[in-house]
Amino acid sequence: QVQLVESGGGLVQAGGSLRLSCAASGRTFSSYSMGWFRQAPGKEREFVAAISWRGGTTYYADSVKGRFTISRDNAKNTVYLQMNSLKPEDTAVYYCAARFGGGGSQLITNYEYGYWGQGTQVTVSS
């Protein structure tokens, strides 16, 4: 069982930065691939970024590539999402997700993840 708690959301002006954190419970964090998804009002949840359980492979949605960076610290059981050059269209609730192992296309698909956090709101004003 893995429990996930996101933090770091808030209100920021366009062009600004935020860093989201997701703290995971459990002693086998290093065996879990981690992902970030987001859901804007009236829209479906969409993939943002993921990092493999090995930590060596990262994946990004085209809409955030070059602006967002996902990383993990296995010693702290934490995954991060550094968000730079934020745009109003980045406004959404951001969710952290975890799945045991996995790789490739599994990591960009929301139903492949078995554990989810409660979400943190990110609002980007124009």
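Everything discussed here concerns the structure shown above.
Because the structure is predicted, anything quoted here is derived from the model rather than measured.

Rules of the game
- Residue indices begin from 1 for each chain and proceed along its sequence in written order.
- The predicted nature of this model means local features are confined to residues of pLDDT at least 70 and side-chain atom pairs, given and counted, to a pLDDT of 80 or more, with totals for whole chains, interfaces and linings taken over all residues.
- Only hydrogens and water are set aside when side-chain values are computed; all heavy atoms of the structure are taken into account.
- When the centres of two rings from Phe, Tyr and Trp lie within 6.5 Å, Trp using its six-membered ring, the rings pair. Their planes under 30 degrees apart give stacked, over 60 give edge-to-face, and anything left gives tilted.
- For the purposes of this entry, the term helix denotes a DSSP run of H or I that reaches at least four residues, the term strand denotes a run of E that reaches at least two, and both are numbered from the N terminus.
- When accessible area is computed with a 1.4 Å probe and restricted to protein chains, residues below 20% of their type maximum are described as buried, those above 50% as exposed, and intermediate ones as partly exposed.
- When a carboxyl oxygen of Asp or Glu is within 4 Å of a side-chain nitrogen of Lys or Arg, the pair counts as a salt bridge.

**Student:** Describe in detail the packing of aromatic side chains, supporting the description with residues and values.
**Tutor:** The relation between two aromatic rings is expressed through the spacing of the ring centres and the mutual angle of the planes. Applying the stated rule across the entire model yields 6 aromatic pairs. Taking 6.1 Å as the distance between ring centres and 70° as the angle between the ring planes, the aromatic pair formed by tyrosine 32 and tyrosine 115 counts as edge-to-face. Here tyrosine 32 is found in strand β4 (residues 32-39), whereas its partner tyrosine 115 is found in strand β10 (residues 115-116), with 83 residues between them in sequence. Overall, tyrosine 32 belongs to the buried group, its relative accessible area being 9%. Note on tyrosine 115: relative accessible area 23%, which makes it partly exposed. Through successive ring pairs, a cluster of aromatic residues spans Phe37, Phe47, Tyr113 and Trp116.

**Student:** Any chance you could break down the pattern of salt bridges for me, citing the residues and the numbers?
**Tutor:** Under the criterion given, the structure shown has 5 salt bridges. The partner of aspartate 90 in a salt bridge is arginine 38, and the shortest N-O contact between them spans 2.9 Å. Taken as a pair, aspartate 90 in the loop between β8 (78-83) and β9 (92-100) and arginine 38 in strand β4 lie far apart in primary sequence, 52 residues in all. Summarising the burial analysis for this pair, aspartate 90 and arginine 38 share the class buried. With a closest N to O distance of 2.8 Å, glutamate 112 and arginine 99 form a salt bridge. With glutamate 112 in the loop between β9 and β10 and arginine 99 in strand β9, this pair connects stretches of sequence that are 13 residues apart. What you see here is one network of salt bridges that share partners, running through Arg38, Glu46, Arg67 and Asp90.

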